[in-house]
Amino acid sequence: MSFRMSNASSGMGVSDQSKNAFMELQRKKVHRYVIFKIDEKKKEVLVEKTGGPAENYDDFTASLPENDCRYAVYDFDFVTSENCQKSKIFFIAWSPSVSRIRAKMLYATSKDRFRRELNGIHYEIQATDPTEMDLEVIKERAN
């Protein structure tokens, strides 16, 4: 018995709302973070939530579901050892180990296409539990 798996990434679109929210985070600093969700019926990636510039990393991580996959971008501001203010944009593929297998596969196969739509990402993190995307991990990658 043989079966074929369809390539989920080939039909997955990216909504204009998603592209615009990323550009607002990147260029205008309107958002601290943007969380994206795949809408299986529409076959596209949509914005689920945005966080204002005053929100912090704890607000961001608290916004991610404990048992479902998401994509997210986070604008991390920091000061270098030379006392320079810097900003790095992180792409986070959140795929908790307790999420459904189907969701994990859908997000994994769609990630590269979606990621290519977001020009200006500095670092990418794939996380299956909160410790893999802890603030210390972000700080270490940014420096």
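From a predicted model like this one, the values you see are computed outputs, not experimental measurements. (Residues numbered from 1 in each chain as written. Predicted model: local features only at pLDDT ≥ 70, side-chain atom pairs only at ≥ 80, totals over all residues. Heavy atoms only, no water.)

**Considerations on the pattern of salt bridges**
This is how it is decided: Think of a salt bridge as a Lys or Arg side-chain nitrogen and an Asp or Glu carboxyl oxygen that are within 4 Å of each other. For the purposes of this entry, the term helix denotes a DSSP run of H or I that reaches at least four residues, the term strand denotes a run of E that reaches at least two, and both are numbered from the N terminus.
Here the structure, examined in full by the defined rule, presents 11 salt bridges. Linking R70 and E48 is a salt bridge whose minimum nitrogen-to-oxygen distance equals 2.9 Å. Here the residue R70 occupies a position in strand β4 (residues 70-79), and E48 occupies one in strand β3 (residues 44-51), the gap between them amounting to 22 residues. Across the pair K111 and E124 runs a salt bridge, and its minimum N-O distance is 2.6 Å. Taken together, the residues K111 in helix α3 (residues 101-117) and E124 in strand β6 (residues 123-127) connect sequence positions 13 residues apart.

**Quick word on the pairing of strand β5 (residues 85-94)**
We apply this condition: Think of it this way: DSSP has to see at least two bridges between two strands before they count as a pair. Orient the strands so they point away from the viewer, and a crossover whose first-strand-to-second-strand path over the helix runs clockwise is right-handed.
Where β4 lies against β5, 10 bridges are found, and the strand directions are antiparallel. Within β5, the residue paired with Y74 across the bridge is F90. Taking the residues that link successive antiparallel strands as the turn, the β4-β5 hairpin has five residues, and the phi of N83 there is positive, at about 65 degrees. Between the parallel elements β5 and β6, the chain passes through α3 in a crossover that is right-handed.

**Considering the environment of K88**
The cut-off we apply is this: Here, residues are in contact when the closest pair of their heavy atoms is within 4.5 Å.
The residue K88 is located in strand β5 in this model. Counting along the chain gives 60 residues from K88 to K28, while the straight-line C-alpha distance between them is 14 Å. When sequence neighbours within four positions are dropped, the list of residues in contact with K88 reads Y74, D75, F76, F78, H122, Y123 and A142.

**Concerning the sheet that holds β3**
Keep this limit in mind: All axes are obtained by fitting lines to C-alpha atoms, using only the stretch in contact for helices, and the reported angles, taken between N-to-C directions, cover 0 to 180 degrees.
Taken together, six strands build an open sheet; the order of strands is β1-β3-β2-β4-β5-β6 and the sheet is mixed. Two strands close off the open sheet at either side, each with one partner strand: β1 (13-14) and β6. Alignment of β1 against β3, held across two bridges, turns out to be parallel. Within the sheet, the bridge partner assigned to V14 lies in β3 and is V45. On the sheet, helix α1 (residues 16-28) packs against β1, β2 (33-39), β3, β4 and β5 and is oriented at approximately 35 degrees with respect to β3. Against the sheet, helix α4 (residues 135-142) engages β4, β5 and β6, with an angle of about 150 degrees to β6.

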